[in-house]
Amino acid sequence: MLVEFGRRKLFGVVLGVSLELGEDIDRSKLKPVLAVIDTEPVVRPELLDFLLELARYYLAPIGEVLRLALPALERSSVEDLQEQGVLGHAVEAVGRMVQYAVVQHAAIAPDEVSGQTLEVWQTLSSQTAMPISALEKQHKSARQAVKKLALLGLCTIERREQERGVTALEWSPDQRPTLTDPQARAVLALTDALDRRTSQAFLLDGVTASGKTEVYLHAAEHCLKQGRGAIVLVPEIALTPQLTARFRARLGDAIAIVHSGLAGKERLHMWKQLQSGSFKVAVGARSALFAPVAELALICVDEEHDGSFKQEEGVRYNARDMALLRAHRAGAVAVLGSATPSLSSEAAVRQGKMTRLKLPARANQKAVLPKVTVIDLKRVGAGPSGDRFLSLPLYRALERCLAAKEQAILFLNRRGFAPSLVCEGCGQFVQCPHCSVAMTLHRARGERLVCHYCDYTIARIGTCGRCGSDKLSDEGVGTERVEEQLQKSFPEARIGRLDRDVAAGVKSERVLARMRRGELDILVGTQMVTKGHDLPSVTLVGVLNADSALSLPDFRAAERCFHLLVQVAGRAGRGDKPGEVLIQTRQPEHPAVALAAQHDVAAFTEREMRERQELGYPPFSRLALIKIDAVDAALAEREATRLAALARSLASPAISILGPAPAPLARLRNRYRFRFMVRGNDRAALRKVLLGLARSKPRGDVRVAIDIDPLSML
Ligand SMILES: [Zn+2]
Ligand SMILES: [Zn+2]
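Since the model is a prediction, treat every value here as computed from it, not as a measurement.

The rules behind the values
Residues numbered from 1 in each chain as written. Chains lettered and ligands numbered in written order. Predicted model: local features only at pLDDT ≥ 70, side-chain atom pairs only at ≥ 80, totals over all residues. Heavy atoms only, no water. Donors = N, O, S within 2.8 Å, 3.2 Å for Na, K, Ca; no water. Tetrahedral: all angles 85-135°; square planar, octahedral: opposite > 155°, others 65-115°. Helix = DSSP H or I, 4+ residues; strand = E, 2+ residues; numbered from the N terminus. Buried < 20%, exposed > 50% of the residue type's maximum accessible area, 1.4 Å probe, protein only. Axes fitted to C-alpha atoms, helices over the stretch in contact; angles between N-to-C directions. Parallel < 35°, antiparallel > 145°, perpendicular 65-115°, else oblique. Contact = heavy atoms within 4.5 Å. Nonpolar A, V, L, I, M, F, W, Y, C, P; charged D, E, K, R; others polar. Salt bridge = Lys/Arg side-chain N within 4 Å of Asp/Glu carboxyl O. Core = buried A, V, L, I, M, F, W, Y, C linked by side-chain atoms within 4.5 Å. Phe/Tyr/Trp six-rings, centres within 6.5 Å; stacked < 30°, edge-to-face > 60°. Pairing = 2+ DSSP bridges. Left-handed = near helix turned anticlockwise from the far one by under 90°.

Looking at the zinc ion (ligand 1), one finds its protein donor set to be Cys423 (SG), Cys426 (SG), Cys464 (SG) and Cys467 (SG), positioned 2.2 to 2.4 Å from the metal centre. Here the zinc ion (ligand 1) binds four donor atoms, and the angle range of 101 to 114° at the metal identifies the geometry as tetrahedral. All donor residues of the zinc ion (ligand 1) come from one chain, and their arrangement in sequence is C-x2-C-x37-C-x2-C. With Cys426 in the loop between β16 (420-423) and β17 (440-442) and Cys467 in the loop between β19 (457-459) and β20 (472-475), this pair connects stretches of sequence that are 41 residues apart. Classification of Cys426 by relative accessible area gives partly exposed; the value is 28%.

At a minimum axis distance of 9 Å, the contact between helix α4 (residues 115-124) and helix α6 (residues 142-151) shows a crossing angle of 80°. Relative to α6, the element α4 lies roughly perpendicular. Contacts from Thr117, Val120 and Trp121 in α4 reach Ala142, Ala145, Val146, Lys148 and Leu149 in α6. Looking at side-chain class alone, the contact of α4 with α6 contains six nonpolar, one polar and one charged residues.

What follows covers the pattern of salt bridges. Oppositely charged side chains are able to pair whenever their charged atoms sit close together. Throughout the structure, instances matching the rule amount to 41 salt bridges. Linking Arg320 and Glu304 is a salt bridge whose minimum nitrogen-to-oxygen distance equals 2.8 Å. With Arg320 in helix α11 (residues 319-330) and Glu304 in the loop between β11 (296-302) and α11, this pair connects stretches of sequence that are 16 residues apart. There is no split in this pair, since Arg320 and Glu304 are both buried. The salt bridge involving Glu484 is made with Arg443; its shortest N-O contact spans 3.7 Å. Residue Glu484 is found in helix α14 (residues 479-489), and its partner Arg443 is found in the loop between β17 and β18 (448-450); the two are separated by 41 residues along the sequence.

For the zinc ion (ligand 2), the full set of protein donor atoms is Cys432 (SG), Cys435 (SG), Cys451 (SG) and Cys454 (SG), and the range of their distances to it is 2.2 to 2.3 Å. Relative to the metal, the four donor atoms surrounding the zinc ion (ligand 2) lie at angles of 106 to 113°, and the coordination shape comes out tetrahedral. Read from N- to C-terminus, the donor residues coordinating the zinc ion (ligand 2) fall into the pattern C-x2-C-x15-C-x2-C. One end of the pair, Cys432, is in the loop between β16 and β17; the other, Cys451, is in the loop between β18 and β19, and 19 residues separate them in sequence. Each member of the pair Cys432 and Cys451 is classed as buried.

Moving on to the nonpolar core. Among the nonpolar cores identified, the biggest contains 71 residues, and Phe676, Val678 and Leu693 are the most heavily contacted of them. The contact partners of Val678, leaving out residues within four places of it in the chain, are Arg622, Leu623, Ala624, Ile626, Ile655, Ser656, Ile657, Leu686, Val689, Leu690 and Leu693. In terms of nonpolar packing, the next biggest core, distinct from the first, is built from 37 residues, Ile409, Phe411, Val568 and Phe604 among them.

On to the packing of aromatic side chains, then. One pair of aromatic rings is described through two measures. These are the centre distance and the angle between the planes. Applying the stated criterion across every chain, the model contains six aromatic pairs. Relative to Phe290, the ring of Phe50 lies with its centre 6.3 Å away and its plane at 35°, an arrangement referred to as tilted. Residue Phe50 is found in helix α1 (residues 45-57), and its partner Phe290 is found in the loop between β10 (281-284) and β11; the two are separated by 240 residues along the sequence. Both residues of the pair, Phe50 and Phe290, belong to the buried class. Residues Phe562 and Phe604 carry aromatic rings whose centres are separated by 4.0 Å and whose planes lie at 10° to one another, so their mutual orientation is stacked. Highlighted residues: Phe562 in helix α16 (residues 557-569) and Phe604 in helix α18 (residues 601-615), separated in sequence by 42 residues. For the residue pair Phe562 and Phe604, the accessibility class agrees, reading buried in each case.

Read from one edge to the other, the open sheet built from six strands follows the order β14-β24-β23-β15-β22-β21, with strand pairing classed as parallel. Edge positions in the open sheet fall to β14 (371-376) and β21 (495-498), since each of these has one partner strand only. Direction aside, neighbouring strands of the sheet carry axes that sit 15° apart on average. Sheet topology note: the β14/strand β24 (residues 580-585) ladder contains six bridges and is parallel. Considered in β24, the bridge of Val374 is made with Ile583. Contacting β15 (407-411), β21 and β22 (522-525), α14 crosses the sheet at an angle of about 175° to β21. Packed on one face of the sheet, helix α15 (residues 507-516) meets β15, β21, β22 and β23 (538-543) and runs near 140° to β21.

So, about the pairing of strand β25 (residues 622-630). β25 sits mainly inside the fold: eight of its nine residues count as buried. Examined bridge by bridge, β25 and strand β28 (residues 703-708) share six bridges and lie antiparallel to one another. Pairing of Leu625 across the sheet is with Asp707, part of β28.

For the rest of this paragraph, the subject is the packing of α1 against helix α2 (residues 62-69). Viewed as axis vectors pointing N to C, α1 and α2 meet at an angle of 135°, and their least axial separation amounts to 9 Å. One element, α1, and the other, α2, form an angle in the oblique class. The element α1 and its partner α2 pack so that their crossing is right-handed. Along the contact surface, α1 presents Leu48, Leu51, Leu52, Leu54 and Ala55, while α2 presents Ile62, Val65, Leu66 and Ala69.

A word on the sheet that holds β18. Spatially, three strands are ordered β17-β18-β19 in an open sheet, and the strand pairing comes out antiparallel. Strands with a single pairing partner mark the edges of an open sheet, and in this sheet they are β17 and β19. The average undirected angle you get between the axes of adjacent strands in this sheet is 30°. In this structure, β18 lies alongside β19, joined through three bridges in antiparallel fashion. Counted as the bridge partner of Val450 is Thr457 from β19.

Given below as structure tokens:
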């Protein structure tokens, strides 16, 4: 509905209706509703209940939470909406209309069907519907064959709107693999729970390339058979078109791909299709959690350990945690899958809140887990190229890999050319004028210094701002430098790079597609190369510096480093050829490194759980991080001190308040940052403190954010 708010006209969402007016309400302050926009509820009760609960849990305003769930209402002005035909119920045709062959009876084809027609039928009947143009790509005479099949009543030809978005590009034929025994057991457990129609949570604990996606697919298919819906959350949708293509190939076109790259219209289109029930499955990154799927029966969270499920701005929700909540409230089944389960999941399994389903081996019988070698950079020198980042064993391994015409991935946690520019005269490094961090040197598009936190950019400077020396040297190694040096060492090799600098839009997909087609020999990249890609010809993975992930001031640093190493190692040897992984480090004895090298997830988990318990960190306690920042350092500190004192006054003895202290990143975008932590096990007592803090109005120009179950401590 439309309401007047001051001089502006704003959208409102009716949360409830009361027929009587309470005594305490001042009638003169009530305002009429200007217009009712939707006559049907825009959020179904299941979703609305969940949103209210989420708002309560994160102490977030319900309006902001609703905006996450209602992309259709994102526009600020009514005019804008009218122009686009959104106001009123004008359903616009977003896509192009194309001819689809739609399967009528997925039974075995009668004897009249043979030859080419039979081949077309086999492709088509593995799906529910396919565009004829897509069939033609695989079978020359597809159009003729479809006509024949239609005459036999096996399929119909319909004009439908073609889906858009990333996956419309690929209609790969669906090969339905035979399930391994562990996969079959996992599928059975899930379909069983779906048949019982009660809520249950599962941890799909499977090594890399063990076929977790196949398990999600079977479960989702089972939902569709029941006429119910499913949500599948993946960490980086834009980077995993293969995964979405597989879903589409298997589940037909009743699926919506939701990702941030969607334009407003496309997003709205998806939303409407889901809301009306014509799409039953939503696949997407964290925001797909709010997809208005009808009769929700299943939520899968792939790579549940991944930090990208946490939103770090606005409503700071964690889609992984909230998937469990939504499933629970909807009476749906939740499946959290990972090769490196988070400690929260591990704790939930131990408490009996989650059932573990194990996939102990790779699905492809020939694919074994790669052999991992740890290279101690304190002892092993550089290879013949003299590059500090390329040790002799890694250099030799690359040579072998290239000679065998196989592919390699090199992982480094730093983008740019060099992480800092240091004055040789006085030792000062060039710092961002707005943040307390070193500026990174980039060369790919001219010599620039870039702040990776606020994106402030300047041309490379020639003299030190402190002592005037003109001897400035670039320190450290970033992905650009690795790419450049590798090209010198291996001039014949075709080298690609994948990091945030190349990832704008379709480009990253292009790099990955070239890798898949075998047009690249070496791929250098940041975390992006670790995320679930299935590149079967990759036999060598090199981790250039495992230490950078360990040095962060965060109690989860070891866990994250371990996950990263296991995941990146998991990219090697997924096909028929065995893989090899080399990890370069100065801390070879660190458990995160040593146990990742042995693929020993259980031992690492055990060790880390013990440590967390001793220190009283999650999953053995609950945390909230109170973040305070202001342009004026003294003001920020004063407010942090005041709020921490308030928290102490509200806290029961079971709650501890740690801090305040300057944040590890003490200044960001011109604002000085302080923080303190509220920790405890008693939910009610914790909530009392947090509510008190949320209600206390900050004094002066200070921003306060309450991050509940924080993932980042920076
Ligand atoms: Zn200097
Ligand atoms: Zn900056």
